[in-house]
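Residue-level structure breakdown
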Amino acid sequence: MADLVLRVREFSIGGALLVLIFGTWLANPGFLDGQGARDLLLNSSILVLLATGQSVVVLTRNIDLSVGSVVGLSAFACGGFVSGTHHGALAVVLVGTVLGAACGLVSGLLVSFGRVPALVVTLGMLYVIQGAGHAWAHGRQINAADVPDEVLALGSGSLLGVPYLPLLSALLLAATAWFLRSYRSGREMYAIGSSPEAARLAGVPVRRRVFAAYVFSGSVAGFAGALWLARFGTVVADAANGWELTVVSAVVVGGVAITGGVGTVWGAALGALLLTTMGGALVVLKVDPFWEQAITGALLLAAISTDRVVRSRTTDALRKRSRH
């Protein structure tokens, strides 16, 4: 029954996405022309990546508010690493991923083994990383002219007409979904989010799993920072500033319960696509950008309320079934 509820919720999000795309296309047919569809895929790729990493953390009944600052620091660090050199795309991706993993490692240690509330830790990490980035940059920026062509090709190239960035996002998304569904350690993430104490009594290594979730989220954010550099070329230390709230909104709108234990990364990806498409649609329809934030907030409140109602009714139905 719980699995059916999740599928229905994901189908409803996908249906809302299709209605939004179709309605915008009717108002402006150029919205889905070749370049329009390409821009839509490229603009949503990084948000889908971050939503995937954030979902794993939220499933364990935690949160990571530092992902936006990690993306900015990683993008600037990768830019400084390759600026004026001939380093390839693989080296850039490795540098970004390792730097992000280091940030996630610190957050994971404090939350899982230090038992400091996740909200406090990751909010503090957000400011620490932002401060370190600004102190390092001193107002400088990385220019696209100094970035090797091979790195820029990662952000602008394509395979069989499909850009590299959405392909990479889809691969990571599919691998994460498969791991969470098929491996014991992945299923234990859900058990921890449902009831940390019950999971501990059942022998689940709660601290290690939460720690791994933060390292994974940080690694994905660092990877996204490397792709940010490849996508835009010109970056500053506070790139992706404020994205942490957008990422959390995408995850919750996508059906991942903020209280943990419920949801899928597929739903989170659909939530990211919905928010990205909504932003592009409002621009095409020449709507005031203020309404994007207002609609995002309304979607977030609706998702949380729906999750509360659905969880309550599902629990009641399961209790009745167990009595019979």
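Residues numbered from 1 in each chain as written. Predicted model: local features only at pLDDT ≥ 70, side-chain atom pairs only at ≥ 80, totals over all residues. Heavy atoms only, no water.

Thoughts on the overall build of the protein
For the protein, the count of helices and strands is 13 helices and 2 strands. Here the C-alpha coordinates of the protein stretch approximately 70 × 50 × 35 Å along the principal axes. A total of 324 residues make up the protein; the buried ones form 47% of that total. When the accessible area of the protein is evaluated, it comes to approximately 15,500 Å², of which 66% is carbon and sulfur surface. Averaging the positions of the 22 positive and the 16 negative side-chain charges in the protein gives two centres separated by 16 Å. (Helix = DSSP H or I, 4+ residues; strand = E, 2+ residues; numbered from the N terminus. Buried < 20%, exposed > 50% of the residue type's maximum accessible area, 1.4 Å probe, protein only. Areas by Shrake-Rupley, 256 points an atom, 1.4 Å probe, with all protein chains shown as cover. Lys, Arg positive; Asp, Glu negative; His and termini not counted. Charge placed at Lys NZ, Arg CZ, Asp CG, Glu CD.)

Brief notes about empty space enclosed by the protein
In this structure the tally under the stated criterion is 3 cavities of 30 Å³ or more. Looking at the largest cavity, its volume works out to about 60 Å³. The wall of the largest cavity is formed by Gly68, Ser69, Leu73, Ile129, Gln130, Gly133, His134, Ala237, Asp238, Ala239 and Asn241. Breaking the lining of the largest cavity down by element, the ones donating at least two residues are α3 (67-82) and α5 (118-137). Its residues assigned to classes, the lining of the largest cavity comprises 4 nonpolar, 6 polar and 1 charged. (1 Å grid on protein atoms, 1.4 Å probe; cavity = no way out; pocket = protein on both sides within 12 Å on 5 of 7 lines; lining within 4 Å. Points joined across faces, edges and corners; volume = space filled by probe spheres on them. Nonpolar A, V, L, I, M, F, W, Y, C, P; charged D, E, K, R; others polar.)

Let's talk about a nonpolar patch on the surface
On the surface, Leu105, Val106, Leu109, Leu110 and Phe113 cluster together into a nonpolar patch covering about 390 Å² of accessible area. With respect to the element layout, Leu110 can be found in helix α4 (residues 89-113). (Patch = residues over 30% accessible without salt bridge, like charges linked within 9 Å, V, L, I, M, F, W, Y side chains within 5 Å. Salt bridge = Lys/Arg side-chain N within 4 Å of Asp/Glu carboxyl O.)

A closer look at the pattern of salt bridges
Within the structure shown, the criterion is met by 3 salt bridges. Here Arg209 makes a salt bridge to Glu188, at a shortest N to O gap of 2.7 Å. Of this pair, Arg209 sits in helix α10 (residues 206-232) while Glu188 sits in helix α8 (residues 184-194), placing them 21 residues apart in sequence. For Arg209, a relative accessible area of 19% puts it in the buried group. Overall, the relative accessible area of 7% leaves Glu188 in the buried class. Here Arg200 ties to Glu197 by a salt bridge, and the two come within 2.8 Å at their closest N and O atoms. In this pair, Arg200 and Glu197 both sit in helix α9 (residues 196-201), 3 residues apart, roughly one turn of the helix.

In short, the description is geometric, and any link to function would need to be established separately.
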